[in-house]
Amino acid sequence: MDYQNEEQIEQQSRELKRLRENVQKKTFERWTNRFLTEQQYKVKNLLEDLRDGRRLIRLVEVLQKVSIGRPNRGLLRVQRVDNVSRALDVLRTTRKRVRDPRTGALRDGQPIVVGVGNENIVDGDVTLTLGLIWQMIRHYHIAMIAEELTAGGDQAIAQGAKSVNEALLLWCQQKTRGYANCVPVQDFHKSWRDGMAFNALIHSHRPEAFDFAQLNPTDRLANLNHAFDIAADEFGVPRLLDAEDVAVDDPDEKSIIIYVTDLYSALNRAKTEETGSKRISNFLNDMQNGARRAQQYEANASGLLDWIRRKVAWLESRGFPNTVAGLQEEKRSFNQYLQVEKFERFGELTNLEVLLYDLQTLQRNEGHRVYTPQAGATLEDLGQAWARLEAAEQAREAALVAELLRQLELEKRAHHFTSVMLPARLKTLAELGSAVASLRVGDDSLKEAEDAWERLLRVQSAIHNQEAIRFEPFYKAAQRLIEENYHDKAGVARHRDDVSARWAGLTEAFAEKEAALRPYAEMASAAKEVEVLRAQLQALRESVTSCDTGTDLMSCEDFLARHRISEQELIALHEQVNRIAGRARRLCDGRTTGAPAMSLSQKLMALEEDYQGLLQAFADRRRRLETARDFLQLIRSCEDEDSWLAEKLAGLGRLQQQSADGHGDLRAARRFVSRLQTEEAEIEHRQAVKFAHLCSTCESAQLQDGADNGSDIDDGDKVAVQTAKQRQQAVSDWLSRLRSGWRDLRRLLHACQADAAQRLDAQQFFASAGEADDHMAGVAPLLAGRDVGHDAGSAAALLKRHQYLRKELQAFGSAETTGELAGLRETAKRLTSDGDAAAAKAAKASDGKETTDDVHSSLGDEEEDDDFNEGEEQSAEDSAVADGDEDPLIAVEEPYEELVTEIKMQEAEEPRRIQRVVVSHAYQARDPKKRDLSAGKGDIFELLQKTNKDWYSVRDLTTNKRGFLPAIYLTEISPTTV
């Protein structure tokens, strides 16, 4: 049983909800169609028609007064969702500014739509679709009515309402209070179901429309239809509700609120229209009064503007008087205008402003069209004109003051010009004229002429200074007064012209005096320049009077260089001397008599004599310096020659000592002879060329010094003569010493050559003897053999060989001179006799007689040169270069195979240091002549010679084979001993 009751209750609840939703849907459709006036947007079924979003977008555009854009066609679901989303986005972002009840500050309220999704509308959700329309009604319809209620002046409603519904409810209670048979309005559903509340609201605003007492409270449908009909007919309220939907036990609250809101709006508008009819009677009177005031305003404004234009033209004029008195009178007139005339006109301007304000205020309060003055007569135009007037006043006042100050300044300057500047300039002109007149011109001495010219220059300086300091400012002051239109500018011009004429006379008199004194002044100036040049010549003379020529060649060259500089100075002075001489002659030509001309001529003659004497002194000094330089250069050449002779004597002594102490072979003897031949050639060439030239130079120097000694000399040149004698003696001593040295060198060279020839013969003898001994030792076994052959042929061969050997031995041992053995005997005898002669000569030298060995001892003993043989060997190799074409691989060709063999033997027998190189990259021999070697990376060779920049001469340390390798393939490493 309980289960059935709950089911019935739930079913009834669902039925009531459905009925309420139907009522709301019907009401909301009618409210929506009030705004969707276009036929294609009319709503027939709210839930279905809003699903595509097109009508929703249009409704939002109308209510929000915005353009959302063209909607989609709405055929697809995604297009519908997009349309609904665009409309709801506008509603979600729109917020109304509300005032905080506690602080009174404005803040953003809640958005129009809350809690409604795009899909809910597209899916036709009943609750949310109706909720969306209700939220829009509250914002765009009910909230506006609530603002009118709270702002309409009713304090009870404004203070008691906490929400929109409460404000509307308070208004309804206020209007229905006191009506009989009317249920007190406590809400917006049950209080309205009998229709009495609707009729009470209408009757309270329009009592003559019907008799409220005739209504029957029990007839709900009749009362509701009566109220809805009167509201629609009398006040134009749309019939949103049906009587059947309201005359139920629990009518829909939202539908009633919407209709009551419309009813309030219509009743309030009707009340306003009734009050306007009462004012029509006063409208025409106010219009006529306003027209009269407007005419008065225009007339007064036109007159004021004309006056302003005339005054502005007067104020902008600048035709001021040119005197201080006239300007002061003009200033009084201007002050009179400001204090009287302008004050009166300012009162007119103020009255115009009051008149226009009263007229416009009256018209605005009465609801008439507000009068607007014509263009050019508005208050803004009057204000601008008055501003131009005041600006012109300020400009005129400033111009008056400036002009007055200018005139006062002109008066002050004019007074200073006439009372101070003019008397001072006249006094200055008188003083300068007296000074010019006092200048005397005559044929006096140069000193007096110079003094007169200096006085003239002082007067000239005073004239220039006064012109710049006094007269130019005087002229400028007069010109300024004239240009600035001083009223007595004619008098200022007369004073200026008078001073200018006197100044012209003064300058003319000064020019005459200057022309008369200038020749004498130029003579005095020329005499001064002559004295200055004589002083400079005297200073140069002091630099050439010294007899010092330096103690050595460097100091002598320094003296000579400074002398050349002094000569350049003398040449520069020569140009000045010629210039001043020509100038002085021109000055004296016109004045052959008189003390200044004679004095200048005497000074000029003395200058020329000094210059000629200085020229001769410079020439003598240069000759002495050059002679001293030549002598010192000759002494240095003698010293160099003496050093060379000493070096050669020492070198030949060392060679002779090495030859005497050494026990070399035939090759060493030959190298020694070759070395002596080279030394002999060098000595003969130097003696024939350099020493002969040196002897000739010394003899010429002796002859020159002898000529200087024999010439006529003054007492002042005794020192120079003594110096020449000392130089001649020194040259003679050096010449004797050098000739003795050359004789010693020749004797020592001949001795060395004799020793070398003897040594070469001995070595050749021993070599030939050794060869003969070897030959006989080789032949002896053949002769001592017992072999006689084993047959006739072999015996004949042995016999033939025996006969050949016998002939050879006979030829070798022949007693004739042609035999080798005879030649050896002759050589041995000659070497023995030469040895005995050398021994006798040595014994004689030991007794104290001078021999070649004495010469050696006088030159001093030197340390033996252990590397002589190697040095001579290398010299011989260097001189034996082949005459064929040069090969890029070979720098030096060795002339003798024996020399190579000997070097190899020495290298194999004696330890020595060798320079090594390592191969950085493998190289394959490719020379057609097979002069280069093949080498692998890392192979080590001995570096014999850097032939050129591209090829090095090397030796293989393993095979002792020589050849060439590219330089870029080799890297030098540390040397070693082998």
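Parameters and conventions
- Residues numbered from 1 in each chain as written.
- Predicted model: local features only at pLDDT ≥ 70, side-chain atom pairs only at ≥ 80, totals over all residues.
- Heavy atoms only, no water.
- Helix = DSSP H or I, 4+ residues; strand = E, 2+ residues; numbered from the N terminus.
- Buried < 20%, exposed > 50% of the residue type's maximum accessible area, 1.4 Å probe, protein only.
- Axes fitted to C-alpha atoms, helices over the stretch in contact; angles between N-to-C directions.
- Parallel < 35°, antiparallel > 145°, perpendicular 65-115°, else oblique.
- Left-handed = near helix turned anticlockwise from the far one by under 90°.
- Contact = heavy atoms within 4.5 Å.
- Core = buried A, V, L, I, M, F, W, Y, C linked by side-chain atoms within 4.5 Å.
- Domains from an automatic or database assignment.
- Nonpolar A, V, L, I, M, F, W, Y, C, P; charged D, E, K, R; others polar.
- 1 Å grid on protein atoms, 1.4 Å probe; cavity = no way out; pocket = protein on both sides within 12 Å on 5 of 7 lines; lining within 4 Å.
- Points joined across faces, edges and corners; volume = space filled by probe spheres on them.
- Salt bridge = Lys/Arg side-chain N within 4 Å of Asp/Glu carboxyl O.
- Pairing = 2+ DSSP bridges.
- pLDDT = per-residue confidence, 0-100.
- Phe/Tyr/Trp six-rings, centres within 6.5 Å; stacked < 30°, edge-to-face > 60°.
- Lys NZ or Arg CZ within 6 Å of the ring centre and 35° of its normal.
- Expected span 1.5 Å × (residues − 1).
- Bend = angle between axes of the 7 residues up to and from the residue.

Under the annotation held in an unreviewed UniProt entry, the protein carries the name Calponin-homology (CH) domain-containing protein and is attributed to Macrostomum lignano.

Caption draft 1: Region of interest: the overall build of the protein. Per the secondary structure count, the protein includes 26 helices and seven strands. With 978 residues in all, the protein has 36% of them scored as buried.

Caption draft 2: Examining the packing of helix H9 (residues 196-205) against helix H10 (residues 220-235) more closely. Where H9 contacts H10, the axes come no closer than 8 Å and their chain directions differ by 30°. What the angle tells us is that H9 and H10 run roughly parallel. Of the two elements, H9 crosses H10, and the hand of that crossing is left-handed. From H9, Met196, Phe198, Asn199 and Ile202 reach across to H10, where they touch Asn223, Leu224, His226, Ala227, Phe228, Ile230, Ala231 and Phe235.

Caption draft 3: Seen up close, the nonpolar core. Of all hydrophobic cores here, the largest spans 72 residues; its most connected members are Met136, Trp192 and Phe198. No other element matches helix H12 (residues 253-276), which puts 10 residues into this core. Residue contributions to this core reach at least three from each of two domains, namely domain 1 (1-152) and domain 2 (154-288). Each residue touching tryptophan 192, except ones within four places of it in the same chain, is listed here: Cys172, Val185, Asp187, Ala197, Phe198, Leu201, Leu224, Val246, Ile256 and Val260.

Caption draft 4: Layout of the packing of helix H8 (residues 164-176) against H9. Direction vectors running N to C along H8 and H9 enclose 70°, while the axes themselves pass 9 Å from each other. Compared by their axis directions, H8 and H9 come out roughly perpendicular. The two elements H8 and H9 meet at a crossing, and its hand is left-handed. For the pair formed by H8 and H9, the contact residues are Trp171, Cys172, Lys175 and Thr176 on the first element and Ala197, Ala200, Leu201, Ser204 and His205 on the second. Grouping the constituent residues of the contact of H8 with H9 by class yields five nonpolar, three polar and one charged.

Caption draft 5: Geometry of empty space enclosed by the protein. Per the counting criterion, the structure on display carries one cavity of 30 Å³ or more. Together, Val23, Leu241, Asp245, Val246, Pro251, Asp252, Ser255 and Ile256 line the largest cavity. Among the secondary structure elements, those contributing two or more residues to the lining of the largest cavity are helix H11 (243-246) and H12. For the lining of the largest cavity, the class distribution of residues is five nonpolar, one polar and two charged.

Caption draft 6: Up close: the pattern of salt bridges. The tally for this structure, following the rule as stated, stands at 38 salt bridges. Between aspartate 306 and arginine 309 there is a salt bridge, and its shortest N-O distance comes to 2.1 Å. Here aspartate 306 and its partner arginine 309 are both found in helix H13 (residues 280-316), three residues apart, which amounts to about one turn of the helix. Given a relative accessible area of 30%, aspartate 306 falls into the partly exposed group.

Caption draft 7: Molecular detail of the sheet that holds strand S3 (residues 913-919). Strand order in the open sheet made by the five strands is S6-S5-S4-S3-S7, with antiparallel pairing throughout. Every interior strand has two partners, whereas the edge strands, strand S6 (962-966) and strand S7 (970-977), have only one. Each adjacent strand pair in this sheet contributes to an overall mean axis angle of 45°, direction not counted. Pairing geometry for strand S5 (residues 951-956) and S6, over five bridges, is antiparallel.

Caption draft 8: Fine view of the confidence of the model for the protein. On average, residues of the protein score 77 in pLDDT, and 81% of them reach the 70 mark or higher. A low-confidence stretch, residues 848-909 (pLDDT under 50), is modelled with 70 contacts involving residues beyond four sequence positions or located in other chains.

Caption draft 9: Layout of the packing of aromatic side chains. Evaluated as defined, the whole model comprises 21 aromatic pairs. A centroid spacing of 6.3 Å and a plane angle of 80° characterise the contact between tyrosine 297 and tyrosine 371, whose relative ring orientation is edge-to-face. A residue pair is termed long-range when its members are at least 10 positions apart, and tyrosine 297 in helix H13 and tyrosine 371 in the loop between helix H14 (324-366) and helix H15 (379-437) qualify at 74 residues. Assessed through its relative accessible area of 12%, tyrosine 371 is described here as buried. On the basis of an interplanar angle of 40° and a centroid distance of 4.4 Å, the ring pair of phenylalanine 471 and tryptophan 503 is categorised as tilted. In this pair, phenylalanine 471 sits in helix H16 (residues 446-483) while tryptophan 503 sits in helix H17 (residues 489-544), placing the two residues 32 residues apart along the sequence. The class of phenylalanine 471 is buried, set by a relative accessible area of 0%. An aromatic cluster is built from Trp307, Trp314, Phe334, Tyr337, Phe346 and Trp386, whose rings are joined through pairwise contacts. A cation over a ring is seen here: arginine 396 above tryptophan 314, with NZ or CZ 4.7 Å from the ring centre. Against the face of tryptophan 644 rests arginine 686, its NZ or CZ located 4.3 Å from the ring centre.

Caption draft 10: Spotlight on H15. Between the first and last C-alpha of H15 there are 82 Å, a value that for 59 residues agrees with the 87 Å anticipated at 1.5 Å per step. The sharpest bend along H15 reaches about 40° and sits at phenylalanine 417.

Caption draft 11: Highlighting the environment of leucine 201. Note that leucine 201 resides in helix H9. It is 10.0 Å that separates the C-alpha atoms of leucine 201 and alanine 231, two residues lying 30 residues apart in sequence. Ignoring sequence-local partners within four residues, the contact set of leucine 201 consists of Trp171, Cys172, Lys175, Thr176, Trp192, Leu263 and Leu267.

Caption draft 12: Unusual backbone geometry, seen in detail. Residues other than glycine seldom take positive phi values, yet lysine 65 does so here, at roughly 60°. Mapped onto the fold, lysine 65 is located in the loop between helix H3 (54-64) and helix H4 (77-93). A positive phi is found at asparagine 485, a non-glycine position, where the angle reads about 60°. With respect to the element layout, asparagine 485 can be found in the loop between H16 and H17. Given a relative accessible area of 35%, asparagine 485 falls into the partly exposed group.

Caption draft 13: Expanded view of the pairing of S3. In this structure, S3 lies alongside S7, joined through six bridges in antiparallel fashion. Residue pairing across strands places arginine 916 opposite isoleucine 973, the latter belonging to S7.

Caption draft 14: View of the side chain of glutamate 29. By the secondary structure assignment, glutamate 29 is in helix H1 (residues 2-35). Other than its neighbours up to four places away in sequence, glutamate 29 contacts Val43, Lys44, Asn45 and Leu46.

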